[in-house]
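Chain and residue survey
As a plain string of letters, each chain reads:
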Amino acid sequence: MVAWTDYRKDAQERGSLALELFAVLTEPTGSPENVKRLLPDHLAYQALQEQRGTLAFAGPLSDDTGEQMLGTGLIVYRADSLEAARALADADPMHAGGARAYRIRRWLINEGSLQLDVRLSAQSVRL
């Protein structure tokens with residue numbers, strides 16, 4: 001096993017981006033009614049985090065077949081530390097209200113690309 005900080009330092013030294021984000025895998029734990037009740041507050045919280053720049057991405061995940069929606073979700077935060085990211089996840093009304101539980105992991109972005117297609121007259125954005 002390698003310490004996370006050592007791995008990140010090595011990644012930076014070899015020229016990788018080594019951008020640290022925090023991936024939150026969230027799953028329903030309570031009743032569907034509780035999830036629905038907390039949904040407006042959750043969405044408002046997500047919008048606030050997006051405005052503050054702490055929310056990178058969020059949305060549902062399919063099951064293993066890719067055909068069913070089971071309620072599992074992924075939230076990716078920008079934060080200065082694991083503790084700060086955990087505080088963001090804890091403050092989410094879904095988690096604070098007991099409707100969902102989460103696991104959080106550091107995520108080191110080293111490779112990949114991102115393309116954004118914005119068409120103003122069509123009012124469309126494609127990532």
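Residues numbered from 1 in each chain as written. Predicted model: local features only at pLDDT ≥ 70, side-chain atom pairs only at ≥ 80, totals over all residues. Heavy atoms only, no water.

1. Points about the layout of surface pockets
Empty space within the largest pocket amounts to approximately 420 Å³. Looking at the largest pocket, it is lined by 22 residues, and the ones nearest its centre are Leu-39, His-42, Met-69, Gly-71 and Arg-100. Looking at the lining of the largest pocket, the elements that each hand over two or more residues are strand 1 (19-28), helix 2 (32-52), strand 2 (55-62) and strand 3 (69-77). Looking at the lining of the largest pocket element by element, the count peaks at seven residues for helix 2. Residues belonging to the lining of the largest pocket are distributed by class as follows: eleven nonpolar, nine polar and two charged. Of the volumes computed, that of the second largest pocket is approximately 330 Å³. Together, 13 residues line the second largest pocket, and Leu-19, Phe-57, Ile-109, Ser-113 and Leu-114 are the ones closest to its centre. Elements with a contribution of two residues or more to the lining of the second largest pocket: strand 1, strand 2 and strand 4 (100-109). Considering only residue class, the lining of the second largest pocket consists of eight nonpolar, three polar and two charged. (1 Å grid on protein atoms, 1.4 Å probe; cavity = no way out; pocket = protein on both sides within 12 Å on 5 of 7 lines; lining within 4 Å. Points joined across faces, edges and corners; volume = space filled by probe spheres on them. Helix = DSSP H or I, 4+ residues; strand = E, 2+ residues; numbered from the N terminus. Nonpolar A, V, L, I, M, F, W, Y, C, P; charged D, E, K, R; others polar.)

2. As for the sheet that holds strand 4
Two modes of strand pairing occur in sheets, parallel and antiparallel, and in both the strands are linked by backbone hydrogen bonds. On the basis of which strands lie adjacent, the open sheet formed by four strands has the order 2-3-1-4 and antiparallel pairing. Each edge of the open sheet carries a strand with a single partner, namely strand 2 and strand 4. Between one strand axis and the next, the sheet turns through 20° on average, direction left out of account. Sheet topology note: the strand 1/strand 3 ladder contains five bridges and is antiparallel. Bridge pairing in strand 3 links Leu-25 to Leu-74. Contacts from helix 1 (residues 4-13) reach strand 1 and strand 4, with the element oriented near 40° to strand 4. (Pairing = 2+ DSSP bridges. Axes fitted to C-alpha atoms, helices over the stretch in contact; angles between N-to-C directions. Contact = heavy atoms within 4.5 Å.)

3. Describing helix 3 (residues 82-91)
What helix 3 keeps buried is the set Leu-82, Ala-85, Leu-88 and Ala-89. Taken down its axis, helix 3 places every buried residue within 120° of arc, on the same side. Those residues of helix 3 that are buried lie in contact with strand 1, helix 2, strand 3, helix 4 (93-96) and strand 4. (Buried < 20%, exposed > 50% of the residue type's maximum accessible area, 1.4 Å probe, protein only. Arc of directions from axis to C-beta.)

4. Concerning the pattern of salt bridges
In the structure shown here, the tally under the stated rule is five salt bridges. Here Arg-119 ties to Asp-117 by a salt bridge, and the two come within 2.9 Å at their closest N and O atoms. Given a relative accessible area of 46%, Arg-119 falls into the partly exposed group. Among the residues examined, Asp-117 registers a relative accessible area of 22% and is labelled partly exposed. Here the salt bridges share partners, and the residues they tie into one network are Arg-8, Glu-20 and Arg-106. (Salt bridge = Lys/Arg side-chain N within 4 Å of Asp/Glu carboxyl O.)

5. Observations regarding unusual backbone geometry
Among all residues save glycine, negative phi is the norm, and among peptide bonds the norm is trans. Phi angles above zero are rare outside glycine, and Ala-18 is one such case at about 55°. Considering the arrangement of structural elements, one finds Ala-18 in the loop between helix 1 and strand 1. Look at Gln-123: it is not a glycine, yet its phi comes out positive at around 50°. In this structure, Gln-123 sits in the loop between strand 5 (117-119) and strand 6 (124-126).

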